[in-house]
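Observations on the model geometry
Here is what each chain is made of, one letter per residue.
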Amino acid sequence: MLAALTLSLVLGSSAIAADKTIVETAAGNESFSTLVAAVKAADLVEVLSSEGPFTVFAPTDEAFAKLPEGTLETLLKPENKETLVKILTYHVVPGKVMAADVVELDGEQVETAAGAKATISVAGSTVMVDKAKVVKTDIECSNGVIHVIDAVILPPTE
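Residues numbered from 1 in each chain as written. Predicted model: local features only at pLDDT ≥ 70, side-chain atom pairs only at ≥ 80, totals over all residues. Heavy atoms only, no water.

On average, residues of the protein chain score 88 in pLDDT, and 89% of them are at 70 or above. Across the protein chain, element-level confidence peaks in strand E1 (residues 54–59) with a mean pLDDT of 97 and bottoms out in helix H1 (residues 2–11) with 34. Note that residues 1–15 has pLDDT below 50 and, in this model, 24 contacts with residues that lie over four places away or in other chains. (pLDDT = per-residue confidence, 0-100. Helix = DSSP H or I, 4+ residues; strand = E, 2+ residues; numbered from the N terminus. Contact = heavy atoms within 4.5 Å.)

Here it is as structure tokens:
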């Protein structure tokens, strides 16, 4: 419990947006404009606005900017919708997993909505989801929670 509190203090918990859905919360934050555009292109707005609950590891615009040049533009094309859906749903874990719970998952793999498993690792106050660092935690929404990450994570290739 102390580790979770420390993690929350170090990473900084955000104000609760519990009256808004995950999509509404992301749309209201300019750091997630690329994520919101991708969710719209993938036709996932309705799903991520549904009852849930969901845990979303949300990459910021800066995280999307780290992708190789042209990658995002290619993914947003209608013919690549299936790939975009797979990538975005890899950032979603069914259920509401708060920071206090995440720190207990060190070394565990969690099933994502994409059907692939992401690895959680904890080192001191640093939490990683695959190769992305969690930089802000516990943005509560009416249908789940958002944890902000500094990179786009990609599902394993088959």
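From this point, things continue past the structure.
Okay, the sheet that holds E1 next. With mixed pairing, the 7 strands of this open sheet are ordered in space as E2-E1-E7-E6-E5-E4-E3. Bordering the open sheet on either side are strand E2 (92–94) and strand E3 (109–111), each of which pairs with just one other strand. Ignoring which end each strand starts from, the neighbouring axes of this sheet average 35 degrees apart. Examined bridge by bridge, strand E5 (residues 126–129) and strand E6 (residues 132–141) share 2 bridges and lie antiparallel to one another. (Pairing = 2+ DSSP bridges. Axes fitted to C-alpha atoms, helices over the stretch in contact; angles between N-to-C directions.)

Tracing the backbone shows valine 23 in helix H2 (residues 22–27). Taking relative accessible area as the criterion, valine 23 reaches 14% and is therefore assigned buried. The spatial distance from the C-alpha of valine 23 to the C-alpha of leucine 44 is 9.3 Å, given a sequence separation of 21 residues. Those residues in contact with valine 23 that lie beyond four places of it in its chain are Val45, Leu48 and Ser49. (Buried < 20%, exposed > 50% of the residue type's maximum accessible area, 1.4 Å probe, protein only.)

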